[in-house]
Amino acid sequence: MARIHVLPSDLINQIAAGEVVERPASVVKELIENSIDAGATTIDVLLENGGRKRIEVRDDGSGMSRDDALLAVERHATSKIRQFDDLSHVRTLGFRGEALPSIASVSRFLLTSYDGAEEHGVEIECDALTGRREVRPAARDRGTTVVVRELFENVPARRKFLRSADSEFRSVVTVVSSYALPLHRRSFRLEHNGRAVLDLPAAATLRDRVIQVLGDEAAGYLEEIDERYETAHAAGFVTRGLRFASRRNQYFFVNDRLVRDRVLTHAANRAADSFDFDGHPAIVLFLHIDTEGVDVNVHPAKTEVRFRDSSTVHVVVEHGIRRALGGAEEGGTLLREGPSLSGGQAILPAQIAQAGSPVLHRTATEFTPLFQQRAVVQPPHAMGAATLPEPMVDESPQLGDLQGRVIGQYRMSYILIDTPGGLRMVDQHVAHERVLYDRYFARAAEREPVTQHLLTPMLYETGAAESAVLESHLQELHAVGFLMERFSGNSFAISAVPPELLKSDAETFLRMLVDASIEERSPHLLRVREKVCASLACQAAIKVHRALSGEEMARLVAELLDSSNPYACPHGRPIIVDIKHIDIERHFHRK
Ligand SMILES: Nc1ncnc2c1ncn2[C@@H]1O[C@H](COP(=O)(O)OP(=O)(O)OP(=O)(O)O)[C@@H](O)[C@H]1O
Ligand SMILES: [Mg+2]
């Protein structure tokens, strides 16, 4: 690696300034980036108490000479850029010369390094509490180790903001997985409290690495993304037929740098939503563009980027994912009729950024005029809401109207009811979800689980962070009818499930539950119970696109009427949509 030098002050002023050390995960991020920049092929991360107590990152990279190591802990000292021009084609992950001194200023910091050339290595110890710094010779193989203990010990106000050890640990799992994804030839390991929780040995192919990170179950569902448009190239993988309740399995990289970016997420999710609105596929997307086409110097943590031509980026990503999800034909159609290419009416990514929230492009034919005028979802408390164009006097549907006559099923998904007020549509899936949710919740509250024993117990294998979440939910899972316990490592043995749930749906349910809970910081019992019941209800409920007999429909509607809230499902989705009779009449010019 090039020699380290202190940057000139005018260049320092050009660099996005700010604090990068917020929590253990950000320390791990900065240290891993340094190891990667140093060409390390083996990177080991060791944590104690989610990193609150101790973080260690070891690598076998280039190492540093004694003089360089001393400079490395000084502010604005870097080996990665020299002059202003370098900022426009940064290839390394770091370039600010800020990370090590920032970390050293809020912890007990120990750096050991050997460059393989000098007589021996060097060890530098910095104690933020006392300001003491010691430099000693050290014996070690080529590479660098940084140990960070008692993060924020000297800044109690910041330490207070750290989350629980479990939650900090899960963030670190995400960081290590993310950095490992694009670098499949390098090996990454993560140990927590002495236990190996992530072991990603060098993989032969990128696909193998993606499977190591997403889990074996993803293997059968991975579709390759490979799309070029103008100077941009989108590559990677998306799961077809396997979806998750959250977007946490979506990783976006720009020139191998992990980023959070609205243009990318919007393009990806628009592509995914055009196939199925339920859940989110796992996506590992690598966007390669000219370094001049992207500005990485936007935010000190460098997780935000700015694209010079965001519409090209949007097209290549949306197109690439669509093609992977739908086959060659789908992707081709998009490029011919693609919104960003069709000119005038398209909503371009730049507008999305301005609008503040993603705007979906819709063609005029997607809405019938009827729905445009009066798409009325009527939760009881929102009747006559100001959003309606005209006040609706004394026509507000009453709960009793649910008893109207079932007259059929629309698209094998919606039950149609003729009510005194007009035509009522009930979404069969969410209606059933509401009924089941109430049922599970009552059983759990009364501790009267109903179970169905499996002939052969099933094993559920999951990741490190996931198994910690499941473990903390075991009691509530028992309360709704699961008999399960930790089997070994990260696997659980399940011997009974609630009777409404098919055995084959149990895995999907557990995955959904973990997805829904993993970001939770301090799980309260009631929140856990709600999540368990909601995920279970969603999984066990009848699906859309399923024909129902008249009797089944009538029974479901009757049960819905008895439920705690027939208007909204536990996730807040509407169950009932009413079209007023008067609107139907007006539509036919009868009024
Ligand atoms: N693990 C490592 N192996 C070899 N050299 C390292 C290692 N970590 C840091 N260095 C050297 O120390 C310098 C300072 O590291 P530091 O992380 O503070 O800044 P940076 O990586 O240059 O920029 P940034 O602040 O954006 O991370 C680096 O430029 C690099 O030369
Ligand atoms: Mg760095």
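Read on for an overview of the structure. (Residues numbered from 1 in each chain as written. Chains lettered and ligands numbered in written order. Predicted model: local features only at pLDDT ≥ 70, side-chain atom pairs only at ≥ 80, totals over all residues. Heavy atoms only, no water.)

## Describing the overall build of the protein
Next up, step 1: Within the protein, the secondary structure is distributed over 18 helices and 25 strands.
Next up, step 2: Across the 591 residues in the protein, those meeting the buried criterion constitute 52%.
Next up, step 3: Intrachain contacts of the protein at a sequence separation of at least 6 include 69% that bridge at least 24 residues.
Next up, step 4: Accessible surface computed for the protein: about 27,800 Å², of which carbon and sulfur atoms make up 50%. (Helix = DSSP H or I, 4+ residues; strand = E, 2+ residues; numbered from the N terminus. Buried < 20%, exposed > 50% of the residue type's maximum accessible area, 1.4 Å probe, protein only. Contact = heavy atoms within 4.5 Å. Areas by Shrake-Rupley, 256 points an atom, 1.4 Å probe, with all protein chains shown as cover.)

## Considering the packing of helix H13 (residues 428-445) against helix H16 (residues 525-540)
Next up, step 1: Across the interface, H13 lies against H16 with an axial gap of 8 Å and an inter-helix angle of 140°. Relative to H16, the element H13 is oriented oblique. The handedness of the crossing between H13 and H16 is right-handed. The segment H13 lies against H16, with His429, His432, Glu433, Leu436, Tyr437, Tyr440, Phe441, Ala444 and Ala445 engaging Leu526, Arg529, Glu530, Cys533, Ala534, Leu536, Ala537, Cys538 and Ala540. (Axes fitted to C-alpha atoms, helices over the stretch in contact; angles between N-to-C directions. Parallel < 35°, antiparallel > 145°, perpendicular 65-115°, else oblique. Left-handed = near helix turned anticlockwise from the far one by under 90°.)

## Some words on the environment of Glu551
Next up, step 1: Assignment of secondary structure puts Glu551 in helix H17 (residues 550-562).
Next up, step 2: Overall, Glu551 belongs to the exposed group, its relative accessible area being 61%.
Next up, step 3: Residues Glu551 and Val406, 145 residues apart in the sequence, show an inter-C-alpha distance of 9.4 Å.

## Quick notes on the pairing of strand S2 (residues 42-48)
Next up, step 1: Burial analysis of S2 places five of its seven residues in the buried class, the great majority of the element.
Next up, step 2: Both S2 and strand S9 (residues 187-192) contribute to a ladder of six bridges, which runs parallel. Within S9, the residue paired with Leu46 across the bridge is Glu191.
Next up, step 3: With six bridges connecting them, S2 and strand S3 (residues 54-59) associate as antiparallel partners. Within the sheet, the bridge partner assigned to Leu46 lies in S3 and is Glu56.
Next up, step 4: Between S2 and S3, which pair antiparallel and follow one another directly, the connecting turn spans five residues, one of which, Asn49, has a positive phi of 50°. (Pairing = 2+ DSSP bridges.)

## Regarding helix H15 (residues 503-517)
Next up, step 1: Compared with the 21 Å implied by 1.5 Å per residue over 15 residues, the 22 Å span of H15 between its first and last C-alpha is a close match.
Next up, step 2: Every buried residue of H15 is accounted for by Asp505, Ala506, Phe509, Leu510, Arg511, Met512, Leu513, Val514, Asp515 and Ser517.
Next up, step 3: The inward-facing, buried residues of H15 contact strand S12 (232-244), strand S22 (452-461), helix H14 (464-479), strand S23 (483-488), strand S24 (491-497) and H16. (Expected span 1.5 Å × (residues − 1).)

## Remarks on the site of ligand 1
Next up, step 1: In the vicinity of ligand 1, 25 residues are found, and the nearest of them are Asn34, Thr78, Ser79, Lys80 and Glu98.
Next up, step 2: Asp59 is positioned with one of its side-chain polar atoms (N or O) 2.9 Å from a nitrogen atom of ligand 1.
Next up, step 3: For ligand 1, an oxygen atom lies 2.5 Å from a polar atom in the side chain of Thr78.
Next up, step 4: Here ligand 1 has 590 Å² of accessible area as a free molecule, and 99% of this is covered by the chains.
Next up, step 5: Counting residues per element, the ones that place at least two in the shell around ligand 1 are helix H2 (24-37), strand S4 (77-78) and helix H4 (99-104).
Next up, step 6: Classifying every residue of the shell around ligand 1 gives ten nonpolar, nine polar and six charged. (Near = heavy atom within 4 Å. Polar contact = N/O pair within 3.5 Å; in protein donor to acceptor, adjacent residues only side chain to side chain. Nonpolar A, V, L, I, M, F, W, Y, C, P; charged D, E, K, R; others polar.)

## What about the pairing of strand S5 (residues 108-114)?
Next up, step 1: Counting buried positions over the seven residues of S5 gives five, a clear majority of the element.
Next up, step 2: Two elements, S5 and strand S6 (residues 121-127), share six bridges in a ladder whose sense is antiparallel. Bridge pairing in S6 places Ser113 opposite Val122.
Next up, step 3: Between S5 and S6, which pair antiparallel one after the other, the connecting turn spans six residues, and Gly116 there sits at a positive phi close to 80°.
Next up, step 4: The pairing of S5 with strand S8 (residues 143-149) spans seven bridges and is classified as antiparallel. Within S8, the position partnered with Phe109 by the bridge is Val148.

## Looking at the sheet that holds S23
Next up, step 1: Across the sheet, three strands lie side by side as S22-S24-S23; this open sheet has antiparallel pairing. Only two strands of the sheet have a single partner each, and these edge strands are S22 and S23. Ignoring strand direction, the axes of neighbouring strands in this sheet form an average angle of 20°.
Next up, step 2: Sheet topology places S22 next to S24; six bridges connect them, and they run antiparallel. Pairing of Leu459 across the sheet is with Ala493, part of S24.
Next up, step 3: Contacting S22, S23 and S24, H14 crosses the sheet at an angle of about 155° to S23.
Next up, step 4: Strands in contact with H15 are S22, S23 and S24; relative to S22, the strand with the most contacts, it is inclined by about 40°.

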